Amino acid sequence: MVRTAGRFGWALGLVLASACGGAPDEGEAPATTAPGDGPDIWVAALTTTADGHLEVGDPVNVTARAGYDNQPHFLPDGSGFWYTRDDGSQADIWHWDAASGQVSAVTATAPESEYSATPLPDGSGFSAIRVEADSTQRLWRFDADGSNPAVLIPDLAPVGYQAWSGPSTLALFVLGDPATLQVVDVATGAARVVAEDVGRTVHPIPGGAHVSFVQRVEGGTEIHRLDPSTGETTLIAPGLGGGDLYAWTPDGVLLQADGGMLMEWRSDHPMWMPVADFTGRGLTLSRLAVAPDGSRIALVAEGGPD
């Protein structure tokens, strides 16, 4: 079991530090990474203690190779996740199977590359960001096996990240100066800007049709709630260390990493609290994903044992 740090005092210090820090603006879909470098994806059990806090089991590196392995997103049934694998000149969607531990290619579409596979609301497959042969970056849909690709929003580019808030409603991070958060009606293609100067991560909030996004502010970031139907936004929590990567558990606990620490934010205790410390393993965390039943967590990290 991964050890946790003392919950109080420790957390307050991190919150204060986050107000002074800042992260570089990494608003784009991932750049190609040379083989021999790049993050891996680790998977661990996720449980809730008797006092209601989260515990993380010992993580296992399920990609363990040279190259870029990132952007995990669990399948709706929790049987595995889709992720992005980049070998230096080509990025595709791959699949990790939880039962066997095996990985396999889902797309193989040179010269196009795919990123950020996300399950479609109707369960028919996934949507993904495709960098097309002419470098146009749009949102496409694919069957679960990677077949039958079709562009979803023909007139909107360059799209970076996505979140479904209903059967035909999307919240999209759109690259630009500044980057914008846009709500799109898939049926009509109509898009409207609801926030500017935003970070990369957009997620559905468990238990409803709202989504969360990252708002850049002076000195750091904030995680906000968006009602896509009205465009109204409200503050949820300050971002840690100016970062813009986070995830939700199905019970509505907000998770974010700060270096090697995994932190949690709960609506009934609005302060960042430590969940697990991976610094002793030499891991620096970035993206996170939680299985739909809350039983597993995927941790994107660099470093760790050779």
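Residues numbered from 1 in each chain as written. Predicted model: local features only at pLDDT ≥ 70, side-chain atom pairs only at ≥ 80, totals over all residues. Heavy atoms only, no water.

Draft legend 1. Inspection of the overall build of the protein chain at higher detail. The helix and strand tally for the protein chain stands at one helix and 25 strands. The buried share of the protein chain, reckoned over its 306 residues, is 52%. Contacts spanning at least 24 positions in sequence make up 43% of the contacts within the protein chain whose residues lie at least 6 apart. Of the accessible surface of the protein chain, which amounts to about 12,900 Å², a share of 51% is contributed by carbon and sulfur atoms. (Helix = DSSP H or I, 4+ residues; strand = E, 2+ residues; numbered from the N terminus. Buried < 20%, exposed > 50% of the residue type's maximum accessible area, 1.4 Å probe, protein only. Contact = heavy atoms within 4.5 Å. Areas by Shrake-Rupley, 256 points an atom, 1.4 Å probe, with all protein chains shown as cover.)

Draft legend 2. Local environment of the side chain of Ser113. Here Ser113 is to be found in strand E8 (residues 113-119). At a separation of 3.1 Å, a polar atom in the side chain of Ser113 contacts the main-chain amide nitrogen of Ala91. Not counting residues up to four positions away in its chain, the partners in contact with Ser113 are Gln90, Ala91, Ile129, Arg130 and Val131. (Polar contact = N/O pair within 3.5 Å; in protein donor to acceptor, adjacent residues only side chain to side chain.)

Draft legend 3. View of the pairing of E8. Most of E8 sits out of view: seven of its seven residues are buried. Across five bridges, E8 lies against strand E9 (residues 125-131) in antiparallel orientation. Among the inter-strand pairings, Tyr115 is bridged to a residue of E9, identified as Ile129. In this antiparallel pair of consecutive strands, E8 and E9, the connection spans five residues, and Gly123 shows a positive phi of 75°. (Pairing = 2+ DSSP bridges.)

Draft legend 4. View of the nonpolar core. In this structure, Val56, Leu255, Leu262, Phe278, Leu285, Ile297 and Leu299 are the most contacted members of the largest nonpolar core, which totals 20 residues. For this core, the elements supplying multiple residues, two or more each, are strand E1 (40-48), strand E2 (54-56), strand E21 (254-258), strand E23 (269-277), strand E24 (283-290) and strand E25 (296-303). Looking at which element gives the most residues to this core, the answer is E24, with four residues. Beyond its immediate chain neighbours, meaning those up to four positions away, Leu299 contacts Asp40, Ile41, Trp42, Pro59, Phe278, Leu285, Arg287 and Leu288. (Core = buried A, V, L, I, M, F, W, Y, C linked by side-chain atoms within 4.5 Å.)

Draft legend 5. The arrangement of unusual backbone geometry in detail. Here the residue pair Ala110 and Pro111 is connected by a cis peptide bond, since its omega of 10° sits within 30 degrees of zero. Its place among the elements puts Pro111 in the loop between strand E7 (103-105) and E8. Look at the link from Asp177 to Pro178: it is a cis peptide, with omega at 10°. Structurally, Pro178 is set in the loop between strand E13 (169-174) and strand E14 (180-185). The backbone phi angle of Ala64 is positive, close to 45°, even though this residue is not glycine. With respect to the helices, strands and loops of the structure, Ala64 is situated in the loop between strand E3 (60-61) and strand E4 (68-74). Although it is not a glycine, Gln71 adopts a positive phi angle of roughly 60°. Note that Gln71 resides in strand E4.

Draft legend 6. Region of interest: the pairing of E13. For E13, a buried count of five out of six residues is recorded, marking the element as mostly surrounded by other parts of the structure. With six bridges joining them, strand E12 (residues 159-166) and E13 adopt antiparallel strand pairing. Note that in E13 the partner of Val159 across the bridge is Val174. Sheet topology note: the E13/E14 ladder contains six bridges and is antiparallel. Within E14, the position partnered with Thr169 by the bridge is Asp185. Following E13, the chain reverses through five residues before pairing antiparallel with E14.

Draft legend 7. Structural context of the sheet that holds E9. Sheet architecture is open: four strands sit in the order E8-E9-E10-E11, paired in antiparallel fashion. Single-partner strands in this sheet number two, and they are E8 and strand E11 (150-151). Here seven bridges tie E9 to strand E10 (residues 137-143), and the two strands are oriented antiparallel to one another. Considered in E10, the bridge of Val131 is made with Gln137.

Draft legend 8. View of the environment of Leu46. Inspection of the secondary structure puts Leu46 in strand E1. Overall, Leu46 belongs to the buried group, its relative accessible area being 6%. Leu46 sits 250 residues away from Arg296 along the chain, and the two C-alpha atoms are 4.9 Å apart.

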